2 protein chains.
Amino acid sequence: MPVTSFVVGKRKIDIAGDGPSCVEELFYGRPEFIFHLASLSEEADFDFDRGYRVNVDGTKNMLDAIRAIPGYCPRFVFASSIAAPSQCSAAPQDSYDTQKAIAELLVSEYSRKGYVDGISIRLPTIVGCPDATYKAATSFFPSMIREPLSGHEAICPVPLFFRHTIASPKAAAGNLLHAANLTSQQLAMSRTMNMPGIAPAVHDIIEALGNIAGKSVAKLIRQERDISIWRTVSSWPQNIDATYALSLGFVPDTSIDAIIKYYIKDELKQKKHSLPTEVEKMHVEDDLKQKKCSLPTGVEKRHVEDDLKQKTYSIPTGFGKRQLSGAAA
Amino acid sequence: MPVTSFVVGKRKIDIAGDGPSCVEELFYGRPEFIFHLASLSEEADFDFDRGYRVNVDGTKNMLDAIRAIPGYCPRFVFASSIAAPSQCSAAPQDSYDTQKAIAELLVSEYSRKGYVDGISIRLPTIVGCPDATYKAATSFFPSMIREPLSGHEAICPVPLFFRHTIASPKAAAGNLLHAANLTSQQLAMSRTMNMPGIAPAVHDIIEALGNIAGKSVAKLIRQERDISIWRTVSSWPQNIDATYALSLGFVPDTSIDAIIKYYIKDELKQKKHSLPTEVEKMHVEDDLKQKKCSLPTGVEKRHVEDDLKQKTYSIPTGFGKRQLSGAAA
């Protein structure tokens, strides 16, 4: 049965324990679908050992625990990153991306052996997130939307022409669900793939913010070059080839305008954040009611509840938006 | 000081113990150069857990033991495989190649962090090996040279047009030494690279054997298709791009003829194997004295001795030809 809606429960487990037994209990109910979004992002570079324990050993613990259960081979959706090095010539830029690439290899290999039915989807940087806990090198990109819309200043450390591939939490969640529903046959060619995204330049974001929320909001983005961030992000791939994912039915956001409008509607309004007055005037919600933007299938149907008893699918590392954004760099 | 000759000692150590302390003693002498050829090949697919313990955890133990020594950052030459998956679209074909790819990522990442000065060279299938202990899917390729020259039949499980990228043990050893001598500056673009090789078809090998050792020797290669081997090897990359390695001065063998002649001279004669009479008549050694084939620099100067007291460089997993051939698939 395809996943179109599910209930999210919360359970705190250290996946980086000594061997697969530390995660065994997650699979008592034999969930059909597992979304593994783990986990440490920029911290993996600072705390090197912890990064490997959580991101690599933790993932392997999950896979080994599944492998140990006879006759059990669930769909395992792993949220990787478009910055994970996949070409000989691309040296990894940080520990997080290296660990994502290692985990992808584990997912592919365990799938080839028939231990799990895995797929690794390489998510772009997620923008339109409700909070500022995500600290990776790309965090300035989400902050350029989030902060001005809350009336705060955001720093842009790179030139205005810099483009970066992004996705909204909705598009990412929709694609995670889509990944869960693909048949094994559809994954015969590869179980690792770049997700489609849109790649606006910084000036596109400023323009869209100005059009939707007003010039005074757009002006809250301040230019302040940071050569170290620029060095890191300018080495990232500019043209993400998502042909394979597109052929399998994964979908990107429609535009930066759509991402900003959804952020205003879904995140700010629900959280009762105060919107700059000007934003209200633009009738963002009316625009949305006319459904000019297509939503990935299934996303609107999600029910996120805090009741473990209703648990249908195991979401070991959380499926809240914070974790989702943390899964991609 | 560049490595041009060194002494090989033997010490038996389980690199797959619990944590880096199991390999600490290898680094007491602070070797400047480490050649890591580990380790399990086809067995990694049959004994899945052991494969990961030796090939992945073992490599990480080595790197972590080095990292734990303050101010120590030796050149770490890792023998990888041209079959290691490096493209998104290339799914790993066996556990060995997956584990090679994971180890490559570790070597690159530890190097980026400054913990080790690593380089991963992806070796082609090694042919012209003295014994038959190597059991990987490509073993028929070396056996088509080795067995007929010892008067035994060899099975060719694939069509005559099948091409495969190969290297002699001499070329591989020369390139391992070359890898040890490159500066860190030269590795700035990438620390993982395909080694150059030559890619004869099966019919080229049969023809070369016939020309050098006589038709009766070449006829010892018997066609017997094996669809399972064919499936595995036909999915392997046919055109190995070694541009980067060539630009850094790595060198392939000159021809299949040269590989066969060296095998007859260096391996069979030294081992006092009996050569089919016809081979003697072809004056193979006279050909070689005229030096029509160039040897990779430094290879002829190698001294391989069994005295650990003279140990100059740490060769943790052995540097005998058996291990060398085992390092590439």
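Residues numbered from 1 in each chain as written. Chains lettered and ligands numbered in written order. Predicted model: local features only at pLDDT ≥ 70, side-chain atom pairs only at ≥ 80, totals over all residues. Heavy atoms only, no water.

- An unreviewed UniProt entry annotates chain A as NAD-dependent epimerase/dehydratase domain-containing protein of Ditylum brightwellii.

1. Regarding the overall build of chain A
Point 1. Of regular secondary structure, chain A possesses 13 helices and 8 strands.
Point 2. Looking at chain A as a whole, 58% of its 329 residues qualify as buried.
Point 3. Partitioning the intrachain contacts of chain A with sequence separation of at least 6 by distance along the chain shows that 83% fall at a separation of at least 24.
Point 4. For chain A, the exposed surface amounts to about 13,900 Å²; the carbon and sulfur share of it is 50%. (Helix = DSSP H or I, 4+ residues; strand = E, 2+ residues; numbered from the N terminus. Buried < 20%, exposed > 50% of the residue type's maximum accessible area, 1.4 Å probe, protein only. Contact = heavy atoms within 4.5 Å. Areas by Shrake-Rupley, 256 points an atom, 1.4 Å probe, with all protein chains shown as cover.)

2. Thoughts on the nonpolar core
Point 1. Grouped together as the largest cluster of nonpolar side chains are 54 residues, with contacts concentrated most on F27(A), F76(A), F27(B) and F76(B).
Point 2. At the level of secondary structure, the elements contributing two or more residues to this core comprise α2 (48–67), β2 (75–81) and α3 (95–112) of chain A together with α2 (48–67), β2 (75–81) and α3 (95–112) of chain B.
Point 3. Once you skip the residues sitting within four places of it in the chain, F27(B) turns out to touch I34(B), M62(B), A65(B), I66(B), I69(B) and Y72(B).
Point 4. Judged by nonpolar contacts, the second largest core, of 30 residues, contains F140(B), F141(B), I221(B) and I256(B). (Core = buried A, V, L, I, M, F, W, Y, C linked by side-chain atoms within 4.5 Å.)

3. Observations concerning the confidence of the model for chain A
All names here are of chain A.
Point 1. Predicted confidence across chain A gives a mean pLDDT of 78, with 76% of residues reaching 70 or more.
Point 2. Considering each helix and strand of chain A separately, the mean pLDDT is smallest for helix α13 (residues 321–326), with a value of 31, and largest for helix α6 (residues 202–213), with 95.
Point 3. Of the regions scoring below 50 in pLDDT, residues 280–329 engages in 131 contacts with residues more than four places distant in sequence or in other chains. (pLDDT = per-residue confidence, 0-100.)

4. Topic: the sheet that holds strand β3 (residues 117–123) of chain B
Residues and elements named next belong to chain B.
Point 1. Read across the sheet, 4 strands follow the order β1-β2-β3-β7 without closing on themselves; strand pairing throughout is parallel. Both outer strands of the open sheet, β1 (33–36) and β7 (192–194), are each paired with one neighbouring strand and no more. Shown here is a sheet whose adjacent strand axes are inclined to one another by a mean of 20°, direction ignored.
Point 2. Relative to β2, β1 runs parallel, the two sharing 4 bridges. When the bridges of β2 are listed, F33 appears paired with R75.
Point 3. Taken strand by strand, α2 contacts β1 and β2, and its axis lies near 165° from that of β1. (Pairing = 2+ DSSP bridges. Axes fitted to C-alpha atoms, helices over the stretch in contact; angles between N-to-C directions.)

5. Remarks on unusual backbone geometry
In terms of backbone geometry, most residues other than glycine have negative phi values and most peptide bonds are trans.
Residue and element names in this part refer to chain A.
Point 1. The phi torsion at R30 lies on the positive side, around 50°, for a residue other than glycine.
Point 2. In this fold, R30 is placed in the segment before β1 (33–36).
Point 3. Residue R30 is classed as partly exposed on the basis of its relative accessible area, which comes to 42%.

6. A closer look at the environment of T98(A)
All names here are of chain A.
Point 1. Along the polypeptide, T98 turns up in helix α3.
Point 2. The exposure class of T98 is buried, given its relative accessible area of 0%.
Point 3. Considering only alpha carbons, one finds T98 and Y52, 46 residues apart in sequence, at a separation of 9.6 Å.

7. Observations regarding the side chain of Q99(A)
Residues and elements named next belong to chain A.
Point 1. Tracing the chain through its elements places Q99 in helix α3.
Point 2. Given the relative accessible area of 0%, Q99 is considered buried.
Point 3. In this structure Q99 touches A44, F48, G51, Y52, N55 and V56, once residues within four positions along its chain are discounted.

8. Quick look at the environment of L105(A)
Residues and elements named next belong to chain A.
Point 1. With respect to the helices and strands, L105 occurs in helix α3.
Point 2. The class for L105 is buried, based on a relative accessible area of 11%.
Point 3. Along the sequence, L105 and S120 sit 15 residues apart, while their C-alpha atoms lie 9.1 Å from each other.

9. Section: the packing of aromatic side chains
Point 1. Overall, the coordinates contain 20 aromatic pairs over all chains when judged by the stated rule.
Point 2. Ring centres 5.7 Å apart and planes at 80° place the aromatic pair F162(A) and W230(A) in the edge-to-face group. In this pair, F162(A) sits in the loop between β5 (154–156) and β6 (166–167) while W230(A) sits in helix α8 (residues 227–234), placing the two residues 68 residues apart along the sequence.
Point 3. On the basis of an interplanar angle of 85° and a centroid distance of 6.1 Å, the ring pair of F161(B) and W230(B) is categorised as edge-to-face. (Phe/Tyr/Trp six-rings, centres within 6.5 Å; stacked < 30°, edge-to-face > 60°.)

10. Describing the sheet that holds β1(A)
All names here are of chain A.
Point 1. With parallel pairing, 4 strands are arranged side by side in an open sheet as β1-β2-β3-β7. Each of the sheet's edge strands pairs with one partner strand only, and the pair in question is β1 and β7 (192–194). Neighbour-to-neighbour, the strand axes of this sheet turn through a mean angle of 20°, independent of strand direction.
Point 2. Against the sheet, α3 contacts β2, β3 (117–123) and β7, and its axis sits at roughly 155° relative to β2.

11. Describing the pattern of salt bridges
Point 1. This structure, assessed with the given rule, holds 28 salt bridges over all chains.
Point 2. Where R67(A) meets D64(A), a salt bridge forms, and the shortest distance between an N and an O atom there is 3.2 Å. In this pair, R67(A) and D64(A) are both assigned in helix α2, 3 residues apart and thus about one turn of the helix distant.
Point 3. Residue D64(A) is classed as buried on the basis of its relative accessible area of 10%.
Point 4. Residues joined in a network through salt bridges with shared partners are D49(A), K60(B), D64(B) and R67(B). (Salt bridge = Lys/Arg side-chain N within 4 Å of Asp/Glu carboxyl O.)

12. Looking at α3(A)
All names here are of chain A.
Point 1. For α3, with 18 residues, the first-to-last C-alpha span of 26 Å sits near the 26 Å given by 1.5 Å per residue.
Point 2. Of all 18 residues that make up α3, 17 are buried, and the element is covered over most of its length.
Point 3. Immediately downstream of α3, the backbone of G114 shows phi near 85°, a positive value. (Expected span 1.5 Å × (residues − 1).)

13. Section: the packing of helix α4 (residues 140–149) of chain A against helix α10 (residues 256–268) of chain A
Residues and elements named next belong to chain A.
Point 1. Interaxial distance between α4 and α10 falls to 11 Å at its minimum, and their mutual angle equals 50°. When the interaxial angle is binned, α4 and α10 end up oblique. Regarding α4 and α10, the two cross each other, and that crossing is right-handed. Residues I145, R146 and L149 of α4 lie in contact with α10, whose contacting residues are I256, I260, Y263, I264 and L268.
Point 2. Here the residues of the contact of α4 with α10 are counted per class, giving 7 nonpolar, no polar and 1 charged. (Parallel < 35°, antiparallel > 145°, perpendicular 65-115°, else oblique. Left-handed = near helix turned anticlockwise from the far one by under 90°. Nonpolar A, V, L, I, M, F, W, Y, C, P; charged D, E, K, R; others polar.)

14. Structural notes on the side chain of R122(B)
Point 1. Along the chain, R122(B) turns up in strand β3.
Point 2. At 2.5 Å, the side chain of R122(B) and the side chain of E104(B) are in polar contact. (Polar contact = N/O pair within 3.5 Å; in protein donor to acceptor, adjacent residues only side chain to side chain.)

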